[in-house]
Amino acid sequence: MDNILNALALMANFVFVPAIAYGSQLALGALGVTIVFGILRFSNFAHGDTMALGTMCTILITWWFQSMGISFGPLPTALLALPFAIVICSAFVLVSDRVVYRFYRKQKADPVIYLIASVGVMFVFNGIVRFIIGPDDQNFADGERFIIKAREFKRLTGLSEGISIKVSQGITVVTMIVVVALLFWFLNKTRTGKSMRAYSDNEDLALLSGINPDKVVAVTWIIAAALATIAGTLYGLDKSFKPFTYFQLLLPIFAAAIVGGLGNPLGAIAGGFVIAFSEILVTYAYKKFAGYLMPEDWKADGLIQLLSTDYKFAVSFVILLLVLLFRPTGIFKGTGV
Amino acid sequence: MKKLIVSTAVAASIASVSSVASADEITLGVFLGLTGPIESLVANMAPAAEEAVNEVNASGKLLGGTTVQAIRADTTCVDAAAATAAIERLITSENVRGVVGGDCSGVTTAALTNVAKPNGMVMISPSATSPALSTIEDDGLFFRTAPSDARQGVVMTEIIMERGIKEVALTYTNNDYGKGLADAFQAAYEAAGGSVTISAAHEDGKADYSAEVGALASAGGEALVVAGYIDQGGKGIIQSSLDTDAFDTFVLPDGMVGDALPEAIGPDLNGSFGQAPGTDSEGAGKLVEMANGYDATSPFAAESYDAAALIMLAMQAAGSTDPQKYKDSVMDVANAPGEKILPGELGKALEILASGGDIDYVGASNVELIGAGESAGNYREIEIKDGALSTVRYR
């Protein structure tokens with residue numbers, strides 16, 4: 001019995017806890033991508049760097065709060081800074097829409113032109129972030145670090161495997177649930193949300209029924225910026241903030257959005273968890289896990305690892321390929337790519 | 001004792017008197033990267049080598065008053081063709097009797113195999129550290145006063161074994177440095193009876209290392225060897241390992257040793273240990289005092305002085321400036337037994353050798369040639385205590 005509990009604790013510590021936290025961060029990122037795709041109809045490659053930009057705002061405000069002695073008790077001060085950062089990040093994104101995307105909207109340009117324009121915006125945001133905060137690691141986490149430490153868990157339960165849960169992981173999951181609930185309520189229950197969905201379904205019909213397109217576009221961008229800032233801040237709190245890693249996140253985020261079905265918010269969440277769990281499950285070495293469950297003399301010499309951790313990002317690619325080959329609209333039916 | 005000193009003095013005076021007639025001048029190549037990526041280091045290495053030459057000339061005791069002229073040539077550090085042409089010129093037109101250099105491993109290998117070996121020329125490199133040079137075919141002509149990168153793996157093995165740790169997990173940063181060090185360590189550790197449960201690469205500059213740590217933790221081990229960089233993936237791996245309680249003892253090679261690490265990680269790091277190049281030898285201090293117009297604390301300056309000194313001392317021991325003859329004396333003068341020689345004592349050393357005595361050249365970098373004629377290197381063993389680096393000892 002102890003062996004089974006130990007095996008479960010081991011998996012929880014090294015697979016489930018990190019995968020759930022990572023999956024939540026990916027899900028929030030993918031939601032932003034998918035909403036822009038659903039309503040504005042293009043793949044926004046600048047999303048990763050929008051996350052970096054929003055996180056940078058959070059960090060700067062956090063430092064300002066810290067210097068004034070404002071703190072949030074055991075929780076990170078960054079949570080207090082988040083609303084302000086969302087406002088600033090939204091402003092940046094709205095300006096980028098005004099000076100870049102609006103021009104192409106008037107031209108009724110092809111999605112691929114938008115896509116290329118978003119690559120340009122990505123480089124601009126990237127440059128702004130590096131110019132202001134620099135390319136290095138920044139640490140802005142404060143407050144308590146752990147909800148439960150592995151050693152305490154071992155002491156409490158008497159098991160030989162511990163589970164540690166960081167405060168940042170707990171906050172990530174809670175925030176993700178709250179944000180997703182709010183988003184769905186907004187899209188399904190409010191007038192603005194309904195008009196956005198109508199615009200997404202059929203633009204001409206929506207315009208005919210008197211929906212103001214400028215307002216829909218602006219609200220979409222604000223939601224995307226808010227999601228990016230929240231996802232980026234949670235990722236930075238849980239891991240570390242470095243502008244370049246946000247650029248790299250673009251791949252798993254797009255993989256998550258496409259796997260779930262581009263344009264489908266529910267799919268984005270599911271896709272985030274599918275990508276996170278497969279990245280970690282495929283590269284985990286099951287030697288110790290098997291050691292607990294198998295009889296003593298079956299003990300494996302090898303690591304029982306499917307893929308070396310070097311190939312972590314390759315997993316997203318492969319899943320992306322498989323989905324595009326066999327179910328191009330994603331797990332949940334998206335608009336298709 | 002008194003008798004010995006008297007007889008030494010007499011012998012020396014006879015030697016110097018008899019040599020006046022045969023005094024001639026030889027040339028010595030200083031074959032370093034005067035231009036190129038390490039030119040700022042060479043600015044201190046070349047004068048250090050020439051300092052040894054000047055010291056020998058001032059003593060007037062080399063082979064009965066032979067004077068040495070140092071001639072510089074440029075390796076460029078990176079361009080093997082230019083380096084080959086430069087050493088060709090040294091040997092064929094300047095007629096050097098020994099070469100201090102090359103500096104970078106790539107050009108040194110090219111110069112050795114293409115020119116020095118066919119011409120039977122002795123090369124003593126102060127700074128080529130590639131493990132490949134340990135096993136190169138050199139006809140006994142190549143030495144180095146710098147340690148091979150592989151040496152750190154051996155030193156690390158000794159330190160780990162002394163602490164009674166028989167099983168470790170190993171992770172390295174995915175580049176030539178990390179891979180080379182990890183391979184060298186794994187070979188040395190397994191030869192010493194230890195076992196490496198996993199050897200896994202990590203990429204620098206990632207935000208999240210939980211997957212890497214998961215694999216390492218599953219493989220298990222009493223400690224985790226982190227052959228990475230202090231402000232890159234190495235730190236991330238350690239932080240993530242501590243967060244998940246995967247490992248609590250870490251072995252830190254040179255890329256990971258620095259005050260920034262205990263500051264960033266905190267008290268959990270206490271008890272981890274490692275090593276980095278370093279020496280407390282008095283020879284290094286002596287050279288710094290002697291240094292005139294260059295910085296003897298600059299990397300490889302001390303090794304350059306020692307390389308030049310070794311060539312001239314070996315000539316004296318063999319009684320010949322012919323590389324084919326004195327190449328066999330290099331190891332003798334560098335290692336025990338014999339009287340220990342520090343920088344500034346080259347005159348004394350030449351005297352002892354002239355009278356048939358034995359010396360153990362210590363020099364500025366604590367020279368001890370091992371294996372195929374390369375420095376054993378000097379390492380500072382460190383341990384993290386109370387959130388700070390502390391030196392256990394030098395080895």
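Keep in mind that this is a model prediction, so the values were computed, not measured.

K.L.:
Explain the overall build of chain B here, please?
P.N.:
Along the backbone of chain B there are 14 helices and 16 strands. Its C-alpha atoms give chain B a radius of gyration of 23 Å, near enough to 21 Å, the size a compact globule of 395 residues would have. Each of the three principal axes of chain B carries a C-alpha extent, and together these read 80 × 50 × 40 Å. By the burial criterion, 54% of the 395 residues in chain B qualify as buried.

K.L.:
Whenever I open this one, the domain arrangement of chain B confuses me. Can you help?
P.N.:
Where the parts come together, the accessible area they lose is often given as the size of the interface. All names here are of chain B. Domain annotation of chain B identifies domain 1 (2–149 + 280–375) and domain 2 (151–275 + 379–394). Counting from both sides, the interface comprises five residues of domain 1 and, opposite them, six residues of domain 2. For the side of domain 1 that touches domain 2, the residue count by class is two nonpolar, one polar and two charged.

K.L.:
Help me out: how do you make sense of the packing of helix α2 (residues 39–59) of chain B against helix α14 (residues 346–354) of chain B in this one?
P.N.:
Each packed pair of helices is defined by two parameters, the angle between the axes and the distance between the axes. All names here are of chain B. At a minimum axis separation of 8 Å, α2 and α14 run at an interaxial angle of 60 degrees. Here α2 lies oblique to α14, going by the angle between them. Judged by the twist between their axes, the crossing of α2 over α14 is right-handed. For the pair α2 and α14, the contacting residues are A52, E55, V56 and S59 in the first and L346, G347 and L350 in the second. For the contact of α2 with α14, the class distribution of residues is four nonpolar, two polar and one charged.

K.L.:
What's the story with the sheet that holds strand β10 (residues 273–277) of chain B in this structure? I'm lost.
P.N.:
Residue and element names in this part refer to chain B. The seven strands lie next to each other as β7-β6-β8-β9-β10-β15-β16, forming an open sheet whose pairing is mixed. Looking along the sheet, the strands with just one partner apiece sit at the ends: β7 (195–202) and β16 (388–394). Strand-to-strand twist of the sheet, defined as the mean angle between neighbouring strand axes without regard to direction, takes the value 25 degrees. Bridge count between strand β9 (residues 250–252) and β10: two bridges; the pairing is parallel. Of the residues in β10, the one forming a bridge with V251 is F273. Contacts from helix α6 (residues 176–191) reach β6 (167–173), β7 and β8 (223–227), with the element oriented near 165 degrees to β6.

K.L.:
Would you mind showing me how to read the nonpolar core here?
P.N.:
Generally speaking, nonpolar side chains in soluble globular proteins are found buried as a group. Grouped together as the largest cluster of nonpolar side chains are 138 residues, with contacts concentrated most on A:A256, B:L216, B:V226 and B:V251. Here this core takes 20 residues from helix α1 (residues 2–40) of chain A, the largest share from any one element. In this structure, B:V251 is in contact with B:M156, B:I160, B:V168, B:A223, B:V225, B:V226, B:F273 and B:G274, ignoring residues within four places of it in sequence.

K.L.:
Is there a simple way to explain helix α2 (residues 47–68) of chain A in this structure?
P.N.:
In an α-helix, one turn spans 3.6 residues, which is why side chains three or four residues apart end up on the same side. Compared with an ideal rise of 1.5 Å per residue, which puts 22 residues at 32 Å, α2(A) spans 32 Å between its outermost C-alpha atoms and is within 8% of the ideal. Positive phi shows up at A:G69, right after α2(A), with a value of about 85 degrees.

K.L.:
Sorry if this is basic, but what is going on with the confidence of the model for chain B here?
P.N.:
Segments scoring low in pLDDT should not have their predicted coordinates read at a detailed level. Residues and elements named next belong to chain B. Within chain B, residue pLDDT values average 87, and 94% of them lie at 70 or more. Helix α1 (residues 2–22) is the least confidently modelled element of chain B, averaging 48 in pLDDT, while strand β4 (residues 123–125) averages 95, the highest of any element. A low-confidence stretch, residues 13–22 (pLDDT under 50), is modelled with 12 contacts involving residues beyond four sequence positions or located in other chains. With a pTM of 0.74, the predicted complex shows an ipTM of 0.79.

K.L.:
Explain the environment of B:A70 to me, please; I cannot follow it from the model alone.
P.N.:
Within the fold, B:A70 resides in strand β2 (residues 67–74). Between the C-alpha atoms of B:A70 and B:P37, which are 33 residues apart in sequence, the distance is 23 Å.

K.L.:
Is there a simple way to think about the interface of chain B and chain A in this case?
P.N.:
Contacts between the two partners involve 19 residues from chain B, matched on the other side by 30 residues from chain A. Mapped onto the side of chain B that touches chain A, the elements with two or more residues apiece are β7 and α7 (210–219) of chain B. When residues in the side of chain B that touches chain A are grouped by element, the largest group, eight residues, is from α7(B). Looking at the side of chain B that touches chain A residue by residue, the classes come out as eight nonpolar, six polar and five charged.

K.L.:
Explanation requested: the sheet that holds strand β13 (residues 369–370) of chain B in the structure shown.
P.N.:
Hydrogen bonds between backbone groups are what pair the strands of a sheet, and the pairing can be parallel or antiparallel. Residues and elements named next belong to chain B. In space, the seven strands of this open sheet follow the order β2-β1-β3-β4-β5-β14-β13, with mixed pairing throughout. If you trace the sheet from one side to the other, it starts and ends with β2 and β13, each paired once. As paired strands, strand β5 (residues 142–147) and strand β14 (residues 374–375) are joined by two bridges and run parallel to one another. When the bridges of β14 are listed, P147 appears paired with S375. Sheet strands touched by helix α3 (residues 80–92): β1 (25–32), β2 and β3 (99–101). Its angle to β2, the strand with the most contacts, is close to 160 degrees.

K.L.:
Whenever I open this one, the environment of A:G302 confuses me. Can you help?
P.N.:
Tracing the backbone shows A:G302 in the loop between α12 (287–293) and α13 (312–326). The sequence separation of A:G302 and A:L234 amounts to 68 residues, and the corresponding C-alpha distance is 36 Å.

K.L.:
Help me understand the pairing of β1(B) in this model?
P.N.:
On a regular strand, each side chain points to the face opposite its neighbour's, so the side chains alternate between the two faces of the sheet. Residues and elements named next belong to chain B. Here β1 pairs with β2 via eight bridges, running parallel. From the neighbouring strand, E25 faces β2, where its bridge partner is T67. In this fold, the crossover linking β1 to β2 by way of α2 has right-handed handedness. As judged from the three bridges shared by β1 and β3, these two strands associate in the parallel manner. Looking across to β3, one finds that V30 is bridged to V100.

K.L.:
So what exactly am I meant to see when it comes to the packing of helix α11 (residues 265–283) of chain A against α13(A) here?
P.N.:
Residue and element names in this part refer to chain A. Direction vectors running N to C along α11 and α13 enclose 125 degrees, while the axes themselves pass 9 Å from each other. By the angle class used here, α11 and α13 are oblique. Two packed elements cross with a definite hand, and for α11 against α13 that hand is right-handed. Taken together, the residues of α13 that come into contact with α11 (itself represented by I275, S278, E279, V282 and T283) are K312, V315, S316 and I319. The residue makeup of the contact of α11 with α13, split by class, is four nonpolar, three polar and two charged.

K.L.:
Got a minute to help me understand the pairing of β6(B) in this structure?
P.N.:
Residues and elements named next belong to chain B. β6 sits mainly inside the fold: six of its seven residues count as buried. In terms of strand pairing, β6 meets β7 through six bridges, oriented parallel. Counterpart to E167 in the pairing with β7 is S195. For the crossover from β6 across α6 to β7, the handedness is right-handed. The pairing of β6 with β8 spans five bridges and is parallel. Residue A169 lies in a different strand from β8, and its bridge partner there is L224.

Parameters and conventions
Residues numbered from 1 in each chain as written. Chains lettered and ligands numbered in written order. Predicted model: local features only at pLDDT ≥ 70, side-chain atom pairs only at ≥ 80, totals over all residues. Helix = DSSP H or I, 4+ residues; strand = E, 2+ residues; numbered from the N terminus. Rg over C-alpha atoms; globule rule 2.2 N^0.38 Å. Buried ≥ 20, exposed ≤ 12 C-beta atoms within 10 Å, placed from the backbone. Domains from an automatic or database assignment. Contact = placed C-beta atoms within 7 Å. Nonpolar A, V, L, I, M, F, W, Y, C, P; charged D, E, K, R; others polar. Axes fitted to C-alpha atoms, helices over the stretch in contact; angles between N-to-C directions. Parallel < 35°, antiparallel > 145°, perpendicular 65-115°, else oblique. Left-handed = near helix turned anticlockwise from the far one by under 90°. Pairing = 2+ DSSP bridges. Core = buried A, V, L, I, M, F, W, Y, C linked by C-beta atoms within 7 Å. Expected span 1.5 Å × (residues − 1). pLDDT = per-residue confidence, 0-100. Right-handed = clockwise from strand over helix to strand, strands pointing away.

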